[in-house]
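Letter by letter, the chains look like this.
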Amino acid sequence: MATRGTLTPIALAAMELLHEGPRHPYDMSQTMQERETWRLLKITVGSLYHAIDWLAANGLIEAVETSREGRRPERTTYRLTQAGRDAYTLRVRDIVAHPATEYPLYALAIALLHTLDRADALAQLRKRAIALEAAVAADRVYRRRLTEQGVPELYWVDVDLKLRLREAELAWTRELVDRLETHRLPWPNTTAADHDDPPRLSLVDEQEKTG
């Protein structure tokens, strides 16, 4: 039996739709497009069908019927099993309750920023700020459109979360640019010796000193 940790994002998205009732994969794909599920995860037809096959093989969904309309390929309609409902609920609860360690590329790039030329680093940060400004503006328009259409907010509260995160990243990036421009955040003067023995960041060392 599958464990809650093995439920992928696209499997969860498919199971959410099956909570509403039996569906076939093509219907799921169309509904995901209509609901703009792409804003949450990357979806391809192949990855969706792979997830459906995996869910069925692990007893989390089961086939209800197989039908054919005209010359179209056969379509198998699935529904959630009780095991599927339980696994889905456990996984969603776990994701909501426990923050996961994630590894965003921007944080990595910021950690490597000192390896660039100072002027080049500033130029790239300014470019990112401009891109974030555009993304924030687009997200605000999107949120306003959903509000005006009367879509219940709980269905798109993730849009607000993404907007808040982008606004925070934009504010932080602007502050970093300002600190570098005004030299309140000095750029390190590196030498060949520095590269041979770069500074280390270790909480373990500090704990040993104070222990």
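Here's what I pulled together on the structure shown here. (Residues numbered from 1 in each chain as written. Predicted model: local features only at pLDDT ≥ 70, side-chain atom pairs only at ≥ 80, totals over all residues. Heavy atoms only, no water.)

**Notes on the side chain of arginine 39**
Along the chain, the position of arginine 39 falls in the loop between helix H2 (25-34) and helix H3 (45-57). Of note is the side chain of arginine 39, whose polar atom sits 3.3 Å from the backbone oxygen of tyrosine 155. (Helix = DSSP H or I, 4+ residues; strand = E, 2+ residues; numbered from the N terminus. Polar contact = N/O pair within 3.5 Å; in protein donor to acceptor, adjacent residues only side chain to side chain.)

**Concerning the pattern of salt bridges**
Here the structure, examined in full by the defined rule, presents 14 salt bridges. Among the salt bridges present, the one from arginine 35 reaches glutamate 20, with a minimum N-O distance of 2.8 Å. On the criterion of sequence distance, the pair formed by arginine 35 in the loop between H2 and H3 and glutamate 20 in the loop between helix H1 (9-19) and H2 is long-range, its members being 15 residues apart. For glutamate 20, a relative accessible area of 46% gives the class partly exposed. Taking the shortest distance from any N to any O, the salt bridge between arginine 126 and glutamate 181 comes out at 2.9 Å. Taken together, the residues arginine 126 in helix H6 (residues 118-148) and glutamate 181 in helix H7 (residues 157-181) connect sequence positions 55 residues apart. Judged by relative accessible area, glutamate 181 falls into the partly exposed class, the value being 38%. Connected via shared salt-bridge partners are Glu20, Arg23, Asp27 and Arg35. (Salt bridge = Lys/Arg side-chain N within 4 Å of Asp/Glu carboxyl O. Buried < 20%, exposed > 50% of the residue type's maximum accessible area, 1.4 Å probe, protein only.)

**Observations regarding the packing of aromatic side chains**
Scanning the entire structure with this criterion turns up one aromatic pair. The residue whose ring lies beneath arginine 128 is tyrosine 106, and the NZ or CZ to ring-centre distance is 3.6 Å. (Phe/Tyr/Trp six-rings, centres within 6.5 Å; stacked < 30°, edge-to-face > 60°. Lys NZ or Arg CZ within 6 Å of the ring centre and 35° of its normal.)

**Quick look at the packing of H2 against H3**
Think of two packed helices as two axes; the pair is described by the angle between the axes and how far apart they sit. It is at 10 Å that the axes of H2 and H3 come closest, and there the two elements cross at 130°. Between H2 and H3, the angle is such that the two are oblique. Considering the relative orientation of H2 and H3, their crossing is right-handed. Contacts between H2 and H3 pair Pro25, Tyr26, Met28, Ser29 and Met32 from the former with Val45, Leu48, Tyr49 and Ile52 from the latter. Taken together, the residues that form the contact of H2 with H3 break down as eight nonpolar, one polar and no charged. (Axes fitted to C-alpha atoms, helices over the stretch in contact; angles between N-to-C directions. Parallel < 35°, antiparallel > 145°, perpendicular 65-115°, else oblique. Left-handed = near helix turned anticlockwise from the far one by under 90°. Contact = heavy atoms within 4.5 Å. Nonpolar A, V, L, I, M, F, W, Y, C, P; charged D, E, K, R; others polar.)

**Comments concerning the environment of isoleucine 130**
Following the sequence through the fold, isoleucine 130 ends up in helix H6. Of the residues examined, isoleucine 130 reaches a relative accessible area of 56% and is grouped as exposed. A sequence separation of 40 residues divides isoleucine 130 from leucine 170, and the C-alpha atoms of the two residues are 8.8 Å apart.

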